There are 2 protein chains.
Amino acid sequence: MKHVVIVGGGFAGLNAAKDLGNRPDIRVTLIDRCNHHLFQPLLYQVAMAALSPAEIAVPIRHILARYRNITVLQDEVRDVDLASHRVMAQNSFLDYDYLILACGARHSYFGHEEWEEYAPGLKTIEQATEIRRRVLTAFEEAERTRDSEQLKKFLTFIVVGGGPTGVELAGAIGEMSRFTLARDFRNINPKLAHIILIEAGPRILPSFFEELAKVATRNLENLGVQIWTSSKVTQVDNNGVTIGRERVEAATILWAAGVQASELGRKLAVNSDLQGRIRVESCLNIKGHPEVFVAGDLAHFAHGGGDPLPGLAPVALQQGRWIARNILRENVGKKPLPFHYMDKGQLATIGRSKAIIQLGRFRCSGFLAWFIWLITHIYYLIGFKNRLFVTMQWAWSFFSFNRGARLIVNKEWRFYRPDTSVDI
Amino acid sequence: MKHVVIVGGGFAGLNAAKDLGNRPDIRVTLIDRCNHHLFQPLLYQVAMAALSPAEIAVPIRHILARYRNITVLQDEVRDVDLASHRVMAQNSFLDYDYLILACGARHSYFGHEEWEEYAPGLKTIEQATEIRRRVLTAFEEAERTRDSEQLKKFLTFIVVGGGPTGVELAGAIGEMSRFTLARDFRNINPKLAHIILIEAGPRILPSFFEELAKVATRNLENLGVQIWTSSKVTQVDNNGVTIGRERVEAATILWAAGVQASELGRKLAVNSDLQGRIRVESCLNIKGHPEVFVAGDLAHFAHGGGDPLPGLAPVALQQGRWIARNILRENVGKKPLPFHYMDKGQLATIGRSKAIIQLGRFRCSGFLAWFIWLITHIYYLIGFKNRLFVTMQWAWSFFSFNRGARLIVNKEWRFYRPDTSVDI
């Protein structure tokens, strides 16, 4: 009985596990520090109060419950001993015959980790609700203040990074301030919110055709978003950002500027790239270790010797499934096959009812693109129930211009705190 | 133009505001430290992963947006100066002509506030997700451990307090362990979870007929809940509870044993009872202050000179509306009317498809009672969308035995914490 250990329950790990489920002579342990698989492409909608966390996150052990040969553990992997085939986690260790590393990426501040406090990134449910709390609280504070300087600061929202996540966040703030919140306040006009998307490069959405990026730029501007390209943020603090000599005061700063692979890449002392991704061989294994595979955002797979594949859900999903297939092949004495990526294209949405899509030479924008975006995302959501509920939330939001999850949730749950006065 | 200040956006405050909405010569400011109105009767379902927070919590300013004479402020009231008619909040102050105090109650540890850390109560969204985190994490830890003492501790769940909240929490843990989680684990059998409901008095549900309490006891026992009556908890710590000489080790302890009114009751130096509720006159005003009203859990209204009205949603709702009516009467020169409560009865659910109801001499239990409970709760939920979504969640849970929000969400959102090592 071969033991396959999978680290990470994202698109790669989960799909590898499913394809190994209920197969003979194989047992699988999937280990993740979260109890849930997260449908990351829709995480910005949680941050922007359109969806509830539970609508895009499902317990991993529930998804895999019907595969009796799979065990799911909630634990945090600290290190891997490649020589002795052992995974060390915080509370346990596991010996493997095959190992699949699929623990993804996190956001990067390019050496300024202290900026995180002031400019959260968007990779986890916790970060999404923190961003939601900050954005909604800024409007509440603006409503309360009588100081015009403060008012301006509370109504300024900065998004750093002009990739798809930054574009989606900025577009959603624009939509929220123009449509959702417009009628709910008395002292302020949420439509006057000042939203700035800051990009260090010469244009936003560099991975898309320039023509599509221009469409996205127009769409964003129509939602009140200002786009500052060729602008490098040099300082982030509690009160705003500095771009070279320019200073912008803002109460809310969101970070969508960079990612780096999970720390494991560096720890393993294998061949990794500047972003910490592990360079893999053609069968997605680590050089010299045919039993150790890497998939998803943690993997640097040079497609046809060129640029590495981007950190997209379809890449992770296909790599996870390919690895499962190769393990099953080896198990019956066949040779593993080199990975081949089938391009599924790229999508990004801008506010309600606008999107851009490119696939090979095909390109598409506007309402049709948004509709394709919508169908694809619902299709890939895990679980019939989530598909149904997300579809309904969207239909309701679309027709009512409302957002269903405008909750400000505090970080502290205790009432009787030793260090604070009792509040009424 | 008369200014009505309402402190608290619960059932009492919100309904008072609605009835004062868009009335001539009146402007209203509703102040609450949360941005949302919470449908508290279903909060235990958030704690037990059946509903998402946003399904039972709606932004107060959104509910009241169509009343142009109402301003909503998110702020925390610190004190009231009854003599000068001024409300002091953390970030602002407000002068009033009429004041409605409806800031509710919180749980009480009878002088042992340090127990809160180990045994959270259930009054806020934050506490509900904290309880959810603890209950789900206990099962995860049980799955991981290889120590039989630890295993027993992780699978023991203690609920302190045998009122409706305690009964609903214990029943829901029983149902979750028997049905929802049963298939998802490999090393443990969640059905063996040990659930203990501890009540200091001689029986559970003292506000219900003894006959109905007996039915509830049987229903709970069928879900695997042990009921310990006449048992007073004398110590609560990180590892369990002590009841006189007996010690029970448990990883999860929930507190549903006592409430006390918001601190404001004591601060005002008016006539308040032992639980801190303000004793009100027949028109729900404070003695000597016909312009200051108290409603809901903060009010001690001796119904016909007897026991004070219980802290139930219908009481708060009716009192809020009655106060609005009296303010409107005074505004046109009429005398205020003494409050009269129309009894809406009491309900409690036990797991799926069982409940008890009493209304005057009418009593009902089993599936019919549960169905009435269901209809009533959906009817009183605010917003068509929430009614639709909660109905669907319940329908889905009922037929699939599943729970839609089994998320373990951490308290910390930052990745780059100054005081911890970087995790992979």
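Predicted model, so just to flag it, every value in this text is computed and none were measured. (Residues numbered from 1 in each chain as written. Chains lettered and ligands numbered in written order. Predicted model: local features only at pLDDT ≥ 70, side-chain atom pairs only at ≥ 80, totals over all residues. Heavy atoms only, no water.)

For the rest of this paragraph, the subject is the relation of the copies chain A and chain B. Superposing chain A onto chain B requires a rotation of 180° together with a translation of 0.0 Å along the rotation axis, leaving an RMSD of 0.0 Å. On this basis, the relationship between the two copies can be described by a two-fold rotation axis. Here 99% of the interface residues in chain A have copies in chain B that are interface residues too; the copies meet face to matching face. (Least-squares fit on C-alpha atoms with pLDDT ≥ 70 in both. Contact = heavy atoms within 4.5 Å.)

Another point: a nonpolar patch on the surface. A cluster of nonpolar side chains, F367, F371 and I375 of chain A, forms an exposed patch at the surface whose accessible area comes to about 300 Å². With respect to the secondary-structure elements, I375 of chain A resides in helix 11 (residues 367–380). (Patch = residues over 30% accessible without salt bridge, like charges linked within 9 Å, V, L, I, M, F, W, Y side chains within 5 Å. Areas by Shrake-Rupley, 256 points an atom, 1.4 Å probe, with all protein chains shown as cover. Salt bridge = Lys/Arg side-chain N within 4 Å of Asp/Glu carboxyl O. Helix = DSSP H or I, 4+ residues; strand = E, 2+ residues; numbered from the N terminus.)

As a further point, take the packing of helix 1 (residues 11–20) of chain B against helix 10 (residues 313–331) of chain B. All names here are of chain B. Remark: helix 1 packs on helix 10, axes separated minimally by 7 Å, with the N-to-C direction vectors making an angle of 35°. In terms of crossing hand, the pair formed by helix 1 and helix 10 is right-handed. On helix 10, the residues that touch F11, A12, N15, A16, D19 and L20 of helix 1 are A313, A316, L317, G320, R321, A324, I327 and L328. (Axes fitted to C-alpha atoms, helices over the stretch in contact; angles between N-to-C directions. Left-handed = near helix turned anticlockwise from the far one by under 90°.)

Looking now at the packing of aromatic side chains. Scanning the model with the defined rule gives 29 aromatic pairs over all chains in all. Ring centres 5.2 Å apart and planes at 90° place the aromatic pair Y379 of chain A and Y380 of chain A in the edge-to-face group. Taken together, the aromatic side chains of Y109, F110, W115 and W255 of chain A make up a single cluster linked through ring pairs. Its end group placed over the ring of W396 of chain A, K385 of chain B keeps NZ or CZ at 4.9 Å from the ring centre. Sitting over the ring of F389 of chain B, K385 of chain B keeps its end group 4.9 Å from the ring centre. (Phe/Tyr/Trp six-rings, centres within 6.5 Å; stacked < 30°, edge-to-face > 60°. Lys NZ or Arg CZ within 6 Å of the ring centre and 35° of its normal.)

Unusually for a residue other than glycine, D25 of chain A sits at a positive phi of about 65°. In this structure, D25 of chain A sits in the loop between helix 1 (11–20) and strand 2 (26–32). Accessibility expressed as a relative area gives 51% for D25 of chain A, which makes it exposed. Phi angles above zero are rare outside glycine, and H85 of chain B is one such case at about 60°. Mapped onto the elements, H85 of chain B comes out in the loop between strand 6 (77–81) and strand 7 (86–89). (Buried < 20%, exposed > 50% of the residue type's maximum accessible area, 1.4 Å probe, protein only.)

What follows deals with the pairing of strand 9 (residues 98–101) of chain B. All names here are of chain B. Alternating positions in strand 9 separate into two faces, Y98 and I100 on one and L99 and L101 on the other, with burial throughout. Alignment of strand 9 against strand 21 (residues 289–294), held across 3 bridges, turns out to be parallel. Its bridge partner being in strand 21, L99 is matched across the sheet by V292. (Pairing = 2+ DSSP bridges.)

This part takes up the sheet that holds strand 25 (residues 362–366) of chain A. The pairing of strands in a sheet comes from backbone hydrogen bonds and takes either a parallel or an antiparallel form. Residues and elements named next belong to chain A. Pairing in this open sheet of 3 strands is antiparallel, and the strands run 23-24-25 from one edge to the other. Lying at the two open borders of the sheet, with one neighbouring strand each, are strand 23 (346–349) and strand 25. The mean angle between the axes of side-by-side strands here comes to 5°, regardless of whether they run parallel or antiparallel. Across the sheet, helix 11 lies against strand 23, strand 24 (355–359) and strand 25, angled at about 100° from strand 25, the strand it touches most.

The biggest cluster of nonpolar side chains holds 125 residues, and the ones touching the most others in it are V80 and L101 of chain A. Here this core takes 8 residues from helix 5 (residues 125–144) of chain A, the largest share from any one element. In terms of nonpolar packing, the next biggest core, distinct from the first, is built from 124 residues, F39, L73, F339 and I378 of chain B among them. (Core = buried A, V, L, I, M, F, W, Y, C linked by side-chain atoms within 4.5 Å.)

All names here are of chain A. Strand direction decides the pairing type here: strand 23 and strand 24, joined by 4 bridges, are antiparallel. Residue pairing in the sheet places L347 in a bridge with I357 of strand 24. In sequence, strand 23 turns back onto strand 24 through a hairpin of 5 residues, with G351 there showing a positive phi of about 60°.

Let us look at the confidence of the model for chain A. Residues and elements named next belong to chain A. Summary statistics for chain A give a mean pLDDT of 93 and a share of 98% for residues scoring 70 or more. With pLDDT under 50 throughout, residues 420–424 is counted as low confidence; its partners more than four residues away or in other chains account for 17 contacts. Reported confidence for the predicted complex is 0.90 by ipTM and 0.93 by pTM. (pLDDT = per-residue confidence, 0-100.)

With that out of the way, let us pick up the interface of chain A and chain B. Between chain A and chain B, the residue contacts involve 75 residues of the former and 74 residues of the latter. Of the roughly 7500 Å² buried where chain A meets chain B, counting both sides, 54% is carbon and sulfur surface. Taken together, the connections running from chain A to chain B amount to 4 salt bridges. Across the salt bridge formed by E140 of chain A and R61 of chain B, the nearest N and O atoms sit 2.7 Å from each other. Counting across the chain A and chain B interface gives 25 residue pairs in polar contact (both at pLDDT 80 or more). Split into classes, the residues belonging to the side of chain A that touches chain B amount to 29 nonpolar, 16 polar and 30 charged. (Buried area = accessible area lost by both parts, 1.4 Å probe. Polar contact = N/O pair within 3.5 Å; in protein donor to acceptor, adjacent residues only side chain to side chain. Nonpolar A, V, L, I, M, F, W, Y, C, P; charged D, E, K, R; others polar.)

Further remarks concern empty space enclosed by the protein. To find leftover empty space, one rolls a probe the size of a water molecule over the atoms. Within this structure, the stated rule accounts for 10 cavities of 30 Å³ or more. Of the volumes computed, that of the largest cavity is approximately 450 Å³. T129 and V409 of chain A together with T129, V409 and N410 of chain B are the residues nearest the centre of the largest cavity, which is lined by 29 residues in total. Tallied by class, residues from the lining of the largest cavity come to 12 nonpolar, 6 polar and 11 charged. Quantified by volume, the second largest cavity comes out at close to 270 Å³. Q45, E175, G351, R352 and R403 of chain A are, among the 19 residues lining the second largest cavity, the residues nearest its centre. Counting residues per element, the ones that place at least two in the lining of the second largest cavity are helix 2 (43–47), helix 7 (164–180), helix 11 and helix 12 (384–400) of chain A. (1 Å grid on protein atoms, 1.4 Å probe; cavity = no way out; pocket = protein on both sides within 12 Å on 5 of 7 lines; lining within 4 Å. Points joined across faces, edges and corners; volume = space filled by probe spheres on them.)

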